[in-house]
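Per-entry structural report
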Amino acid sequence: MNTRPTSVALISWFLIVTSLFPGIGAVQTMKNPAALEMMRKNLLPVPIQFVWIFAAMIATVISGIFMLQGKSWARSLYLVITGLGLLIGLITSPTRLLILPGAVVYGLFVYLLTRSKSNEYFRTATPAQ
């Protein structure tokens, strides 16, 4: 039996728990005129930003749940959706410096999720098709 690396377990649970915060924040933002005004400074229309927030939140929770089960596609989903989100933020956000902490954490997670122990876990935990 292939043991799940501690780093994969910690990252998965971190994603599951912390992914709920943007959804809560988005709901609060909908009621805050000052926050909505800040969102209007972004190149993306506000409704598209809310769709992205909720879609990314759902995708991240799903990826966290299925990474715990060793599904390689879930790791890929997280890496792509978060990488894309960071890229979109760098292109469209008027406050690019605020993206830096998330980019650093993402870089750490990429490293931990793609090192040899993690690769072995995802390779052997996922049934061959």
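Presented here is a report on the structure given in the accompanying data block. (Residues numbered from 1 in each chain as written. Predicted model: local features only at pLDDT ≥ 70, side-chain atom pairs only at ≥ 80, totals over all residues. Heavy atoms only, no water.)

Turning our attention to the environment of Val17. Inspection of the secondary structure puts Val17 in helix 1 (residues 6-18). It is 7.9 Å that separates the C-alpha atoms of Val17 and Val61, two residues lying 44 residues apart in sequence. (Helix = DSSP H or I, 4+ residues; strand = E, 2+ residues; numbered from the N terminus.)

Right, let's talk about the environment of Ile53 for a bit. Relative to the helices and strands, Ile53 is located in helix 4 (residues 46-68). Assessed through its relative accessible area of 24%, Ile53 is described here as partly exposed. Along the sequence, Ile53 and Thr124 sit 71 residues apart, while their C-alpha atoms lie 32 Å from each other. (Buried < 20%, exposed > 50% of the residue type's maximum accessible area, 1.4 Å probe, protein only.)

With 13 residues, helix 1 extends 18 Å between its outermost C-alpha atoms, agreeing within 8% with the 18 Å of an ideal straight helix rising 1.5 Å per residue. All buried positions along helix 1 are accounted for by Ser7, Val8, Ala9, Ile11, Ser12, Leu15 and Ile16. Looking at the packing, one finds that the buried side of helix 1 touches helix 2 (20-30), helix 4, helix 5 (72-92), helix 6 (100-114) and helix 7 (116-125). (Expected span 1.5 Å × (residues − 1). Contact = heavy atoms within 4.5 Å.)

Turning our eyes to something else, we now look at the packing of helix 5 against helix 6. Viewed as axis vectors pointing N to C, helix 5 and helix 6 meet at an angle of 155°, and their least axial separation amounts to 11 Å. One element, helix 5, and the other, helix 6, form an angle in the roughly antiparallel class. For the element pair helix 5 and helix 6, the recorded crossing hand is left-handed. For the pair helix 5 and helix 6, contact is made by Arg75, Tyr78, Leu79, Thr82, Gly83 and Leu86 and by Gly102, Ala103, Tyr106, Phe109, Val110, Leu113 and Thr114, respectively. Its residues assigned to classes, the contact of helix 5 with helix 6 comprises eight nonpolar, four polar and one charged. (Axes fitted to C-alpha atoms, helices over the stretch in contact; angles between N-to-C directions. Parallel < 35°, antiparallel > 145°, perpendicular 65-115°, else oblique. Left-handed = near helix turned anticlockwise from the far one by under 90°. Nonpolar A, V, L, I, M, F, W, Y, C, P; charged D, E, K, R; others polar.)

What follows is about the nonpolar core. One finds Ile11, Leu15, Met67, Tyr78, Leu113 and Phe122 to be the most contacted residues of the largest nonpolar core, which totals 15 residues. Secondary-structure elements contributing two or more residues to this core are helix 1, helix 5, helix 6 and helix 7. With near-sequence residues (within four places) excluded, Leu15 lies in contact with Thr60, Ser63, Met67, Tyr78 and Phe109. Ala26, Leu36, Met39 and Val46 belong to the second-largest nonpolar core, a separate cluster that totals five residues. (Core = buried A, V, L, I, M, F, W, Y, C linked by side-chain atoms within 4.5 Å.)

For the rest of this paragraph, the subject is the pattern of salt bridges. Across all of its chains, the model carries two salt bridges by this definition. Put simply, Arg40 and Glu37 hold a salt bridge, and the shortest N to O gap is 3.3 Å. Placement of the pair is Arg40 and Glu37 together in helix 3 (residues 33-40), with a separation of three residues, close to one helical turn. Glu120 is the salt-bridge partner of Arg123, the closest N and O atoms lying 3.2 Å from each other. Here the residue Arg123 and the residue Glu120 both occupy positions in helix 7, the gap between them amounting to three residues, near one helical turn. With a relative accessible area of 35%, Glu120 lands in the partly exposed category. (Salt bridge = Lys/Arg side-chain N within 4 Å of Asp/Glu carboxyl O.)

Honestly, that's just the spatial picture; any functional story needs more than this.
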